[in-house]
Amino acid sequence: MAGASNLPSKLMTPRTIIEKVWDNHIVHQQPGAPTLLYIDLHLVHEVTSPQAFSGLRERNLKVRRPDRTLATADHSIPTSDRSLPILDKIAENQLRQLEQNCLDFGIQCFGVHSSQQGIVHVIGPEYGATQPGMTVVCGDSHTATHGAFGALAFGIGTSEVEQVLATQCLLQRPSKTFQVQVDGPLSQGVTAKDIILNLIARIGIGGGTGCVFEYSGSAIRALTMEQRMTVCNMSIEGGARAGMIAPDDTTFEYLAGREFTPKGEAWERALSRWKQLPTDEGARFDHQITMDAAAIEPMITYGTNPGMGVPITGSLPDPAKISDPRERESIEKALRYMGLEGGKPILGHPVNVVFIGSCTNSRISDLRGAASILKGRKVNPTTRVLVVPGSQEVKRQAEAEGLPEVFRAAGCEWREPGCSMCIAMNGDMLQPGEYSVSTSNRNFEGRQGKGGRTFLASPLTAAASAVTGVVTDVRRMM
Amino acid sequence: MKPFVPFESKAVRMLMNNIDTDQIIPARFLKTTSKEGLDKQLFNDWRYLADGSPNPEFILNRPEGQGRQILLAGDNFGCGSSREHAPWALTQFGFRAVISTGFADIFTGNSLKNSLLPIVVSQDIHTKLFALPDDAVLKVDLQSQMLTLPDGWKVEFPVDPFSKACMLDGVDELGWILKQEPAIAAYEAQLANL
């Protein structure tokens, strides 16, 4: 430990990456008050920001750091031809207000007609705005996505959006730490989406409440950045506000040369800082779980929360066999809403719509995966299939690779970027009673349209189910 | 915000676990740029039938759902999205406290900023509350952090001391953060030297 003797004792205590990023952002600590935490990057979108900008105007406040704020239009934006007028006037007004607010307060905005528009959690990483060791917030619970880079990234409400706009700070209490260790190789046809759906099925949707996850282990190390984002994205579905993965060479290679990343000497300095972030040997977590990647099958949800998931070859739970009355009632209610019978297999269940998109699975590798199954095949004639790239950049890349032709030839719709049918605010939605296999993150009642019924799965499972028109095990098509 | 004062009320009971923010207010109502008028869409898809008429089965459309300021809900209330529209809709409808065995983290933060008190109770107390007659009156006192049952039984509940002070005074956090300007400026000066 030569040379370390002058360090404060706190630095000598082994720390998790979660604690390191937290410690690096403490602005002020007053007894009785939460920590005043500095926010490095604030991502803004049209839905959770208008009331925050109104608040700034009422108090006559400016945006403290427009240079640390980046906006885009994603939630209520149509995914149809952008040269056409927006038919939903309420949505149009919200989108226009975002652009006006950004103009008034000096914030860079990738608006409706920007060539850089996209889902906020796709563009942040894509342009290198998200970096290791940062604190990242956005008025959206899937901000956890950015944790894939070793950032402490979490969703906030509109009052907090206003606070960050005005002060670049938030009042926070530290979370508990929760290590999710995933070791071993993934089997063919099993993806990052299946890892996270498997975790949530095990711990339940409240299992990580009060915690930040750190995902570690050989299976996590082997993932690409896009796959890591899929895992971190759904941390909130396990109840954790954030989920982090320590940065490594995969992270640094992904970030090098992107628009907002440091360049030259600044890059070298950043690299040496980022390499200090991984959890120290001997650091203690409040909670831990280990998973065997080789034992994970493609997963699918059957119910009305993301924790209600089963291996695709499995059976639906039989309420009659559940002893806890509250749990039984909860499963019965979900199966009733979904129109499913307990104890039956889920394979072969008819599907009306397949949605490939969302901040969970709309990146280029997700589209490549779906296209690899759809190439040379036709989708079931009674199944509507929407493919919605996560951003204009993803769309351009897909076009350069000829993916839209593959999707169109198979009978899919190739649409403009946005959140689309994940949240069904923009006109892309299920009709009452319809079933979807969706690559998004939530299967709550009505999430994809009032009365709609969602099966969450990976892009591979979604593409396979599009071809057959029923819930399908992609491994039979590979 | 108005100071949070003690109050007494009967409770609206919603025993379901994991009531998520999409149920509290569906996303299609988030295209508004205002905070107002959201009470009409509170629990919209449970509250209204396909033709837009009130669902007579749903608690908020029944006599025992009227004028009550406490929502007694199942486990893990408010999971899902970060939409502050959820506590806005609840408070505009008239709720001042929600009782559950647990709340999602973001929902808790959003509620405390809007004078909606999330009261966490143990499973035993939760069961006891649901076993009370429907017209039982509960008393909520934030200052003493006490929930009082009709038989005089008092249950202490946890609340973040800083949020508590803000709610009791009826002030929001932003004013406090703005006063930390020197510390923020000092931190930023340090950042610039990285």
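Along each chain, residues carry numbers from 1 onward, in the same order as the chain's sequence is written. Chain letters and ligand numbers both follow the written order, the letters beginning at A and the numbers at 1. Only residues with pLDDT of at least 70 are given local features in this predicted model, and only at 80 or more are side-chain atom pairs given and counted; all residues enter the totals for whole chains, interfaces and linings.

## Some points on the overall build of chain B
Link 1 in the chain: Working definition: helices are DSSP H or I runs of at least four residues, strands are E runs of at least two. Numbering for both runs from the N terminus. The number of helices and strands found in chain B is 8 helices and 8 strands.
Link 2 in the chain: For the C-alpha atoms alone, the extent of chain B along its principal axes is close to 60 × 45 × 25 Å.
Link 3 in the chain: Exposure criterion: with C-beta atoms placed from backbone coordinates, a residue whose C-beta has 20 or more other C-beta atoms within 10 Å is buried, one with 12 or fewer is exposed, and one in between is partly exposed. A total of 194 residues make up chain B; the buried ones form 42% of that total.
Link 4 in the chain: When contacts within chain B are restricted to residue pairs at least 6 apart in sequence, those whose partners lie at least 24 apart make up 67%. Throughout, a pair of residues is in contact if the C-beta atoms placed from their backbones lie within 7 Å.

## Regarding the interface of chain A and chain B
Link 1 in the chain: The partner chain B presents 41 residues to the 52 residues of chain A that form the contact.
Link 2 in the chain: The set of elements that each furnish at least two residues to the side of chain A that touches chain B consists of β1 (26–28), β2 (35–38), α3 (50–59), α4 (89–105), α6 (158–167), β8 (169–172) and α12 (325–338) of chain A.
Link 3 in the chain: In terms of residues, the side of chain A that touches chain B owes the most to one element, α6 of chain A, which gives 6 residues.
Link 4 in the chain: Any residue outside Ala, Val, Leu, Ile, Met, Phe, Trp, Tyr, Cys, Pro, Asp, Glu, Lys and Arg is labelled polar, Gly included; the first ten of those are nonpolar and the last four are charged. Tallied by class, the residues present in the side of chain A that touches chain B amount to 18 nonpolar, 24 polar and 10 charged.

## As for the confidence of the model for chain A
Link 1 in the chain: When pLDDT is averaged along chain A, the result is 96; 98% of the residues meet or exceed 70.
Link 2 in the chain: Across residues 1–7 of chain A the pLDDT falls below 50, and counting only partners more than four positions away or on other chains, this stretch makes 2 contacts in the model. Here pLDDT means the predictor's own confidence in every residue, given as a number from 0 to 100.

## Section: the pairing of β8 of chain A
Residues and elements named next belong to chain A.
Link 1 in the chain: Neither face of β8 is left uncovered, since the one carrying Cys169 and Leu171 and the one carrying Leu170 and Gln172 both have all their residues buried.
Link 2 in the chain: The sheet contact formed by β2 and β8 spans 4 bridges and is antiparallel. Residue Leu37 lies in a different strand from β8, and its bridge partner there is Leu170. We call two strands paired when DSSP finds no fewer than two bridges between them.

## A word on the sheet that holds β2 of chain A
Link 1 in the chain: Taking strand neighbours across the sheet as the criterion, the 3 strands line up as β1-β2-β8 (chain A) in an open arrangement whose pairing is antiparallel. Whereas interior strands pair on both sides, the edge strands pair on one side only; in this sheet they are β1 and β8 of chain A. Going across the sheet, the axis of each strand differs from the next one's by a mean of 45°, ignoring polarity.
Link 2 in the chain: Every axis in this analysis is a line fitted to C-alpha atoms, fitted for helices over the stretch in contact. Angles between the N-to-C directions lie between 0 and 180 degrees. Along the sheet face, helix α8 (residues 181–192) of chain B touches β1, β2 and β8 of chain A and points at about 145° away from the line of β1 of chain A.

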